[in-house]
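# A closer look at the structure
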Amino acid sequence: MLPAFIRTRFTPSACARGLGLVLALLVTASPTLAAPPLDPDEQKAVIGEPATLEVFPANVTLTGIRDARQLVVTAKYADGSLRDLTGVVQAKVEPAGVVELQDGLFLRPKKNGNAVVIINASGKEFRVAVTVAGMDEPSPVSFRRDVIATLNVGGCNAGACHGTPSGKNGFKLSLRGFDPAADFMQLTRDQFGRRTGKHDARQSLVFLKAVGHVLHEGGLRFGATSVPGEMLTAWLSEGLKDDPATLAPIKKIEVTPTARLLKTPAKWQQLSVLANFGDGVNRDVTRLTVFSSSDPSIADVSATGMVEFKRSGEVAVLCRYLEELVSVRLTYLEPREGFVWPNPPETNFVDTHTFAKLKQMSITPSELCEDHEFVRRAYLDCIGRMPTTDESKTFLASKDPKKREKLIDALVEMPEFADFWALKWADVLRSSRKTIQVKGSYGMQAWLRGHFLRNTPMDKVVQEIITANGNTYSNPPANYYRIAKDPTSLAETTAQLFLGVRMQCAKCHNHPFERWSQDDYYGMAAWFARVKTKPAPVVGTRPPGPPAAEVVFLLRDGEVIQPRTGKQMKPRFIGVGDADVKPGEDRRAVLATWITSPENPFFSKSVVNRVWFHLMGRGIVDPVDDFRDSNPSCNDELLDALAKDFAKNKFDMKLLVKTIMKSRTYQLSAQPNDFNRDDNKYFSHTVTKLLTAEQLLDAICDFTALPEKFAGLPLGTRAIQLPDGEVNHPFLKAFGQPARELACECERESDGNLAQALQLINGPTVNEKVRNPNNRLGKLLAAKMTNEQILTELYFAALGRAPFDDEKQIALDHVNKREDKRKAWEDVVWALINTREFLFRH
């Protein structure tokens, strides 16, 4: 029988509607599942014959009835490998009654005294001394340390539940517990929303729903006798008390182990979390910590901190207790039958680190790509266009063993290099006539192109952007402050573009999955608090509409207020702390110097990762502008080495591009082998990707020898030279040309769609160029070449190679069968445009 005050909240129809869902959730949503039990033979196989046995911590002191300690058992073997045996060892306590040994070697005190936990694995023994004290002293539950953590573990305050801004079913909590004071008021004082009662703790609705004793849309959140259940019940029983104002804050959490490489059969790893508070108290909070895996398809983690791998791979396990987060990197390897490392040659440090990771993961890299694949790939990746027929033929005919290296050196000095990389940066800088007018977008493009042409160090380019002042027409980088005008938008854009950090979530609350707080967010915004814009002076009457140009200037004062606390924020280096800015000094200059410092852990990694993405098809950190502990890089050593080399060489963009392209890693074939077929992460073979909208349109123009005419621009202007995306070309839009509304690479779409298929099959751009009598085909036919010569020229123009024998036979048979030879050759041209080899970069 439900208590009366609960029964009034439900109607029979409401219960009936939700019953099936709730019962399913009660069965499947248990958040405390541990590793599955093993039979004796399996346990024996996991334990094996360890050389040594270690337990962390080696000695335990438990103080008061609320204390606890998670033990972690690690075995070391003769080959140097480590296994976590926490879930499979035999353990007992002597004498009994002092401490309780719960599932997973979790210790809870029972009475004052001393005891020993004896742990045995295959004849190896380890003895953990345990001291229990303070059991007869009060040990009240802390609302901010224990209850908020309990709500976190249960997910009650998650964004999909009561942590949503409007709450759920009349009950609202702060997201992830970032505002404990508001949560305390909601739970204990709210007239309609509170779910607590002092008189009978176990009849409080917040408890009954969480432990599944009454119908709950969210299902079972934790067990009644679990640590979270115990903390919630005790707090309710103690009278719903808040903590004193003098409660010391948390300083940090420590997770054991910090990293681990596991090998089969040891596919489990127990984690232990210790919280350090400002009053000197250290507590085990493992069962009050929220754990999450960066890739659940590789490994899951239970609510008790037990990680279980499903297959070989790497994950980052994010451990969050209150506002503190720590990421633990775990790797699990299984032997692959028949795998033998081929020991491929290494061109530079890129290969050293890439191949070391592949060897560790038992992944065999593909062979080198063919010369015809390389020349097309290099031109498209480096300068954005296909090689001409003569360029391809010259490269393929060369016998120089260093011809690839020499080609790369030549490509970065071509003017198209500046065009192509200016386009990439103009995209994410959001240079568009919609915000900075036509003249502004032309000026921004020319400014960027000039820097890439001169190979200006990237730190200088970024400093020039961040510190820009004056007229946006005469000083193009000042447009940065016309595109993002307010301090918060500038903080978000600057962090994402130049640090690789997405801070948007921290605007309204502390970031739920990252270390950035609201103070970090508004401290970053404080750098831009004194930046303002105004319309530029004009001669005569100002025309209606937005001003043609604006002037960026600085105020003498201006601050940013943190909206939740009302605190005036000092400029802050994110991840470091408040900055010391002298009175009268341009804050932005201080920020720009810090951002581009060789010691900055963010800038170099962000830039090299972005360049790697453009050349390799995927970032070492992916997405490229989302560096966070819960989105780890796939190769830390490679990313670190590239970043250090980039800084060491004074942020030389051309050198960075050459370093990557000259590596064997870049030059691997797209053809997979039996050991890397499923790899889409570690760069064991090249990534096949659809050409960008601008590349593809230029490729069709080059192949047909018919340039596209863009409105307001001279004939011969290439798509990669367009100042922005507002030419409104239907082909470019269909193939994902970005609108430049987001400071994100994700705005450029690369997935195929129906509109693209229609453009290629029957679109006006393709058809008009294929059928035009003055195109490349028309000139070849007019030159009275043989069919074989025509076919060879078409293949070199389209694919950078001669046709293979089977391709030649099919094409020539088709031409010979048709009476209308022109139409027959048009079919061949159209077919070449629609081949995967033409549409994709291999």
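Residues numbered from 1 in each chain as written. Predicted model: local features only at pLDDT ≥ 70, side-chain atom pairs only at ≥ 80, totals over all residues. Heavy atoms only, no water.

What follows is about the overall build of the protein chain. In terms of regular secondary structure, the protein chain is built from 30 helices and 29 strands. Principal-axis analysis of the C-alpha atoms places the extent of the protein chain at approximately 100 × 75 × 60 Å. Split into buried and exposed, the 842 residues of the protein chain put 54% on the buried side. Put simply, 64% of the contacts in the protein chain that link residues at least 6 apart link residues at least 24 apart. For the protein chain, the accessible area works out to roughly 36,700 Å², and carbon and sulfur atoms hold 53% of it. (Helix = DSSP H or I, 4+ residues; strand = E, 2+ residues; numbered from the N terminus. Buried < 20%, exposed > 50% of the residue type's maximum accessible area, 1.4 Å probe, protein only. Contact = heavy atoms within 4.5 Å. Areas by Shrake-Rupley, 256 points an atom, 1.4 Å probe, with all protein chains shown as cover.)

Another aspect to go through is the packing of helix α24 (residues 754-762) against helix α25 (residues 764-771). As a packed pair, α24 and α25 sit with axes 6 Å apart at the nearest point and diverge in direction by 15°. Classed by the angle they form, the pair α24 and α25 counts as roughly parallel. Regarding α24 and α25, the two cross each other, and that crossing is right-handed. Side by side, α24 and α25 meet where Q759, L760, I761 and N762 of the first sit next to P764, T765, V766 and N767 of the second. Class assignment for the residues of the contact of α24 with α25 results in four nonpolar, four polar and no charged. (Axes fitted to C-alpha atoms, helices over the stretch in contact; angles between N-to-C directions. Parallel < 35°, antiparallel > 145°, perpendicular 65-115°, else oblique. Left-handed = near helix turned anticlockwise from the far one by under 90°. Nonpolar A, V, L, I, M, F, W, Y, C, P; charged D, E, K, R; others polar.)

This part is about the side chain of D84. Note on placement: D84 falls in strand β5 (residues 82-84). This buried residue, D84, is left without a salt bridge; R260 holds the nearest opposite charge, at 5.3 Å. Of the polar contacts made by the side chain of D84, one reaches the side chain of Q269; its length is 3.2 Å. Among the polar contacts listed, one links the side chain of D84 to the backbone nitrogen of Q270, at a separation of 3.3 Å. Excluding residues that lie within four positions of it along the chain, D84 makes contacts with V72, V73, L262, W268, Q269 and Q270. (Lys, Arg positive; Asp, Glu negative; His and termini not counted. Salt bridge = Lys/Arg side-chain N within 4 Å of Asp/Glu carboxyl O. Polar contact = N/O pair within 3.5 Å; in protein donor to acceptor, adjacent residues only side chain to side chain.)

A few words on the state of the cysteines. Across all of its chains, the model carries one disulfide by this definition. Between the sulfur atoms of C744 and its disulfide mate C746 the distance is 2.2 Å. Taking the sign of the S-S torsion, about 135° here, the bridge from C744 to C746 comes out right-handed. Using a relative accessible area of 8% as the deciding quantity, one classes C744 as buried. (Disulfide = S-S within 2.5 Å.)

Turning next to the pattern of salt bridges. Applying the stated criterion across every chain, the model contains 52 salt bridges. Between R628 and D626 there is a salt bridge, with its nearest N and O atoms 2.9 Å apart. With relative accessibility at 28%, the residue R628 sits in the partly exposed group. Among the charged side chains, a salt-bridge network with shared partners connects R66, R108, E230 and E238.

What follows concerns the sheet that holds strand β6 (residues 90-94). Across the sheet, which stays open at both edges, the four strands sit in the order β2-β10-β9-β6 with mixed pairing between neighbours. Each of the sheet's edge strands pairs with one partner strand only, and the pair in question is β2 (59-63) and β6. Each neighbouring strand pair of the sheet contributes to a mean axis angle of 20°, computed without reference to strand direction. Where β6 lies against strand β9 (residues 113-121), five bridges are found, and the strand directions are antiparallel. Within β9, the residue paired with V93 across the bridge is V117. (Pairing = 2+ DSSP bridges.)

Moving on, we come to the sheet that holds strand β22 (residues 531-535). With antiparallel pairing, three strands are arranged side by side in an open sheet as β21-β23-β22. Looking at strand neighbours, the two that pair on one side only are β21 (470-471) and β22, the edges of this open sheet. One ladder, built from five bridges, connects β22 with strand β23 (residues 550-554); its direction is antiparallel. Its bridge partner lying in β23, K532 is registered against F553.

For the rest of this paragraph, the subject is the packing of aromatic side chains. Inspection of every chain in the model, using the stated rule, returns 22 aromatic pairs. The interplanar angle of 80° and the centroid separation of 5.3 Å between the aromatic rings of F143 and F184 together place this pair among those described as edge-to-face. One end of the pair, F143, is in helix α4 (residues 143-154); the other, F184, is in helix α5 (residues 180-188), and 41 residues separate them in sequence. Overall, the relative accessible area of 0% leaves F143 in the buried class. (Phe/Tyr/Trp six-rings, centres within 6.5 Å; stacked < 30°, edge-to-face > 60°.)

On to α25. Within α25, burial applies to T765, V766, N767, K769 and V770. Elements in contact with the buried residues of α25: α22 (693-704), α23 (730-734), α24 and α29 (821-833).

Put simply, the protein chain has an average pLDDT of 90, and 94% of its residues get 70 or more. Counting contacts from residues 1-35, a segment whose pLDDT is below 50, to residues more than four positions away or on other chains yields 40 contacts. (pLDDT = per-residue confidence, 0-100.)

A word on the pairing of β23. Across two bridges, the pairing between β21 and β23 is antiparallel. Within β23, the residue paired with G470 across the bridge is V552.

Turning to the environment of A316, a few remarks are in order. With respect to the helices and strands, A316 occurs in strand β19 (residues 313-321). Spatially, the C-alpha atoms of A316 and D295 are 7.8 Å apart, while their sequence positions differ by 21 residues. Those residues in contact with A316, other than ones at most four positions away along the chain, are S292, S293, S294, S327, V328, R329, D629 and P632.

It is the contact of helix α9 (residues 371-383) with helix α11 (residues 403-411), at a shortest axis distance of 10 Å, that shows an interaxial angle of 20°. The pairing of α9 with α11 is recorded here as roughly parallel in orientation. Our pair here, α9 against α11, has a crossing hand that is right-handed. Counted together, D371, F374, V375, A378, Y379, C382 and I383 of α9 and K403, R404, L407, I408 and L411 of α11 form the full contact between these two elements. Of the residues that constitute the contact of α9 with α11, the class distribution is nine nonpolar, no polar and three charged.

On to the side chain of K662, then. Locating K662 in the fold gives a position in the loop between α21 (653-661) and β28 (689-690). Setting aside chain neighbours within four positions, we find K662 in contact with T347, N348, E405, I408, D409 and Q667.

Most peptide bonds are trans, and most residues other than glycine sit at a negative phi. In this structure, P57 follows F56 across a cis peptide bond, with omega equal to -10°. Here P57 shows up in the loop between β1 (52-56) and β2. In the segment running from T256 into P257, the intervening peptide bond is cis, with an omega of -5°. The phi dihedral of R430 is positive, around 65°, even though this residue is not glycine. Secondary-structure assignment places R430 in the loop between α12 (415-429) and α13 (433-454). Non-glycine residue K784 carries a positive phi angle of around 60°. Assessed through its relative accessible area of 73%, K784 is described here as exposed.

Another point: α9. An α-helical turn contains 3.6 residues, so any two residues separated by three or four positions project in the same direction. Over its 13 residues, α9 runs 18 Å from end to end, which matches the ideal 18 Å to within 8%, given 1.5 Å per residue. Most of α9 sits inside the fold, with eleven of its 13 residues counted as buried. Residues of α9 that are buried include every one of H372, F374, V375, R376, R377, A378, Y379, L380, D381, C382 and I383, and no others. Backbone geometry just downstream of α9 places G384 in the positive-phi region, at approximately 85°. (Expected span 1.5 Å × (residues − 1).)

Right, let's talk about the environment of Q562 for a bit. When you line up the elements, Q562 lands in the loop between β24 (560-561) and β25 (568-569). When the C-alpha atoms of Q562 and D183 are compared, they prove to be 20 Å apart, with 379 residues separating the residues in sequence.

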